[in-house]
Amino acid sequence: MSAARHFTADLLECWSVPQSERDSAVLIVDELTANAAQYGRECMTLVLVLDHGALYIVVSDSGTTVEHGSQDIAPDEHGRGTGIVTYLAQSTEIRQTRSGREVRACLRCSA
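Owing to the predicted nature of the structure, the values given are computational and were not obtained by experimental measurement.

Undergrad: So what's going on with the nonpolar core? Residues and values would help.
TA: Counting 19 residues, the largest nonpolar core has A25, I28, L32, L55, I57 and A105 as its most contacted members. Elements that contribute at least two residues to this core include exactly α1 (2-14), α2 (19-39), β2 (54-61), α3 (80-88) and β4 (100-108). Broken down by element, the residue count for this core peaks at five residues, all from α2. Excluding residues that lie within four positions of it along the chain, L32 makes contacts with I57, V59, V85, V103 and A105.

Right, here's the structure in full:
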């Protein structure tokens, strides 16, 4: 996930995305790739698209269902990632595909 964060930060800097928007995007990528690494089994793909004032972040994995934390784990230990993404992004969408799960987040971007 560190590689995804660094890739995102470097690419968005090349695209002249302002620092505050870059920070939000990197946090979204971090949360989505952490979920994909935990639940997505063997494959993960990150796609970033900057188009007409919006940054689209898409993370695909080979998971088959949306996982939920264990009942033995305190509620404050899990579930923050999706809340953070929902708070920062203008829209989010989770879809089950033939090959796994796809999570999309759209962030306004002034670059």
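Undergrad: Now, about the sheet that holds strand β1 (residues 44-51): what can you tell me, with residues and values included?
TA: Spatially, the four strands line up as an open sheet ordered β1-β2-β4-β3, and their pairing is antiparallel. Looking at which strands have only one partner, the edges of the open sheet turn out to be β1 and β3 (91-97). Neighbour-to-neighbour, the strand axes of the sheet open up by a mean angle of 15°, direction not taken into account. Strand direction decides the pairing type here: β2 and β4, joined by eight bridges, are antiparallel. Directly across from L55, in β4, lies its bridge partner L107. Contacting β1 and β2, α1 runs over the sheet at an angle of about 15° to β1.

Conventions used here
Residues numbered from 1 in each chain as written. Predicted model: local features only at pLDDT ≥ 70, side-chain atom pairs only at ≥ 80, totals over all residues. Heavy atoms only, no water. Core = buried A, V, L, I, M, F, W, Y, C linked by side-chain atoms within 4.5 Å. Buried < 20%, exposed > 50% of the residue type's maximum accessible area, 1.4 Å probe, protein only. Helix = DSSP H or I, 4+ residues; strand = E, 2+ residues; numbered from the N terminus. Contact = heavy atoms within 4.5 Å. Pairing = 2+ DSSP bridges. Axes fitted to C-alpha atoms, helices over the stretch in contact; angles between N-to-C directions.

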